[in-house]
Amino acid sequence: MDVAHTLFARSGYRGTGMTEVAAQVGITEPGLLYHFGTKEGLLRAVVERRDELSQSFARELAALGGLAAIREMPALAHRNSRQPDLIKLFAVLLAENLDPESPAHDFFVTRYRRLRASITDLIRAGQQRGEIRAEVDPHLKAIEILGTLDGIASQWLLDPEVVDFVSCIESYGRTLERDLAAEPTDITPRPSGEDARP
């Protein structure tokens, strides 16, 4: 799966052959098919394995709820900045699977529904505690947050020498907190690098 991950991130699902994966692992193509059944089965195994950490982190944030979860965005940025191949893998495969007939289309639909639900829940928790403005639409804000994070990640992947992924996410997190807060808050930038939560 590690080899397939690397090849899918580099060449996409369509540009990666099972023969190439098998050769790099040092087994035969029938041997590879024995374990995964089909190329689609290998793809699903790769994306589901790599998505486990993202979903776990999203659940942790949802459990915090409210502005406390928003303040953890720098931790998300630091974690993701150490996994550029993972971010690239999902960006490449998402673009390849927009069509409903594509092999991983349903996976990505489900993934984004879960992420939107987690963010929606943490915003609602903040509203119930009086931390987040009542007029904020949690579902629409969840779509905006995911869209912004994905957009920053795409620009970072394209131009990492110019786009500082962590700084951008930290800045967006502060802006988002100011926008959501029921009461005006004095938000000072959190330390980055080693002082931030890993």
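If you're wondering where the values come from, they're calculated on a predicted model, not measured in any experiment.

About the thresholds
- Residues numbered from 1 in each chain as written.
- Predicted model: local features only at pLDDT ≥ 70, side-chain atom pairs only at ≥ 80, totals over all residues.
- Heavy atoms only, no water.
- 1 Å grid on protein atoms, 1.4 Å probe; cavity = no way out; pocket = protein on both sides within 12 Å on 5 of 7 lines; lining within 4 Å.
- Points joined across faces, edges and corners; volume = space filled by probe spheres on them.
- Helix = DSSP H or I, 4+ residues; strand = E, 2+ residues; numbered from the N terminus.
- Salt bridge = Lys/Arg side-chain N within 4 Å of Asp/Glu carboxyl O.
- Buried < 20%, exposed > 50% of the residue type's maximum accessible area, 1.4 Å probe, protein only.
- Polar contact = N/O pair within 3.5 Å; in protein donor to acceptor, adjacent residues only side chain to side chain.
- Contact = heavy atoms within 4.5 Å.
- Phe/Tyr/Trp six-rings, centres within 6.5 Å; stacked < 30°, edge-to-face > 60°.
- Lys NZ or Arg CZ within 6 Å of the ring centre and 35° of its normal.
- Axes fitted to C-alpha atoms, helices over the stretch in contact; angles between N-to-C directions.
- Parallel < 35°, antiparallel > 145°, perpendicular 65-115°, else oblique.
- Left-handed = near helix turned anticlockwise from the far one by under 90°.
- Nonpolar A, V, L, I, M, F, W, Y, C, P; charged D, E, K, R; others polar.

Quick question: what am I supposed to make of the layout of surface pockets here?
Over the atoms, a rolling probe the size of a water molecule traces out where space has been left empty. Roughly 680 Å³ of internal volume is contained in the largest pocket. Around the largest pocket sit 32 residues that line it, and N80, R111, L146, L149 and D150 are the ones nearest its centre. For the lining of the largest pocket, the secondary structure elements donating two or more residues are helix 4 (39-64), helix 5 (66-70), helix 6 (73-81), helix 7 (84-96), helix 8 (105-128), helix 9 (138-158) and helix 10 (165-180).

What am I meant to see in the pattern of salt bridges here?
Pairing between side chains of opposite charge can happen when the charged atoms of each approach one another. Taken as a whole and assessed by the stated rule, the structure comprises nine salt bridges. Taking the shortest distance from any N to any O, the salt bridge between R133 and E135 comes out at 2.7 Å. For R133, a relative accessible area of 23% gives the class partly exposed. On the basis of relative accessibility, which here comes to 58%, the residue E135 falls in the exposed class. The structure contains a network of salt bridges with shared partners spanning R133, E135, K141, E144 and D179.

In this structure, what is going on with the side chain of T120? I would like to understand it.
Structurally, T120 can be placed in helix 8. One polar contact links the side chain of T120 to the main-chain carbonyl oxygen of R116, over a distance of 2.7 Å. Those residues in contact with T120 that sit more than four places away from it in its chain are P138, H139 and A142.

Honestly, the packing of aromatic side chains in this entry has me stumped. Any pointers?
Remark: the centre distance and the inter-plane angle together describe each pair of aromatic rings, the angle taken between the planes. Across all of its chains, the model carries four aromatic pairs by this definition. The aromatic ring of F90 is capped on one face by R111, whose charged end is 4.5 Å from the ring centroid. Lying across the ring of Y112, R111 places its NZ or CZ 5.7 Å from the centre.

Just checking my understanding: could you explain the packing of helix 6 against helix 10 for this structure?
When two helices pack together, their arrangement is given by the angle between the helix axes and by the axis-to-axis distance. In contact at an axis separation of 8 Å, helix 6 and helix 10 are set at 160° when each is read in the N-to-C sense. As the angle between them shows, helix 6 and helix 10 are arranged roughly antiparallel. Where helix 6 crosses over helix 10, the handedness of that crossing is right-handed. Facing M73, P74, A77, H78, N80 and S81 of helix 6, the residues of helix 10 in contact are F165, V166, I169, E170, Y172, G173 and L176. For the contact of helix 6 with helix 10, the class distribution of residues is eight nonpolar, four polar and one charged.

Could you clarify how one ought to interpret the environment of E170 in this entry?
Take E170: it is sitting in helix 10. Taking the relative accessible area as the measure of exposure, E170 reaches 9% and is therefore buried.

Explanation requested: the packing of helix 7 against helix 8 in the structure shown.
Direction vectors running N to C along helix 7 and helix 8 enclose 120°, while the axes themselves pass 10 Å from each other. It follows that helix 7 is oblique to helix 8 by the angle criterion. By crossing handedness, the relation of helix 7 to helix 8 is classed as left-handed. In this structure, helix 7 contributes F90, L93 and L94 to the contact, and helix 8 contributes F107, F108, R111 and Y112. Across the contact of helix 7 with helix 8, the residue classes break down as six nonpolar, no polar and one charged.

Functional significance is not addressed by these values, which are geometric in nature.
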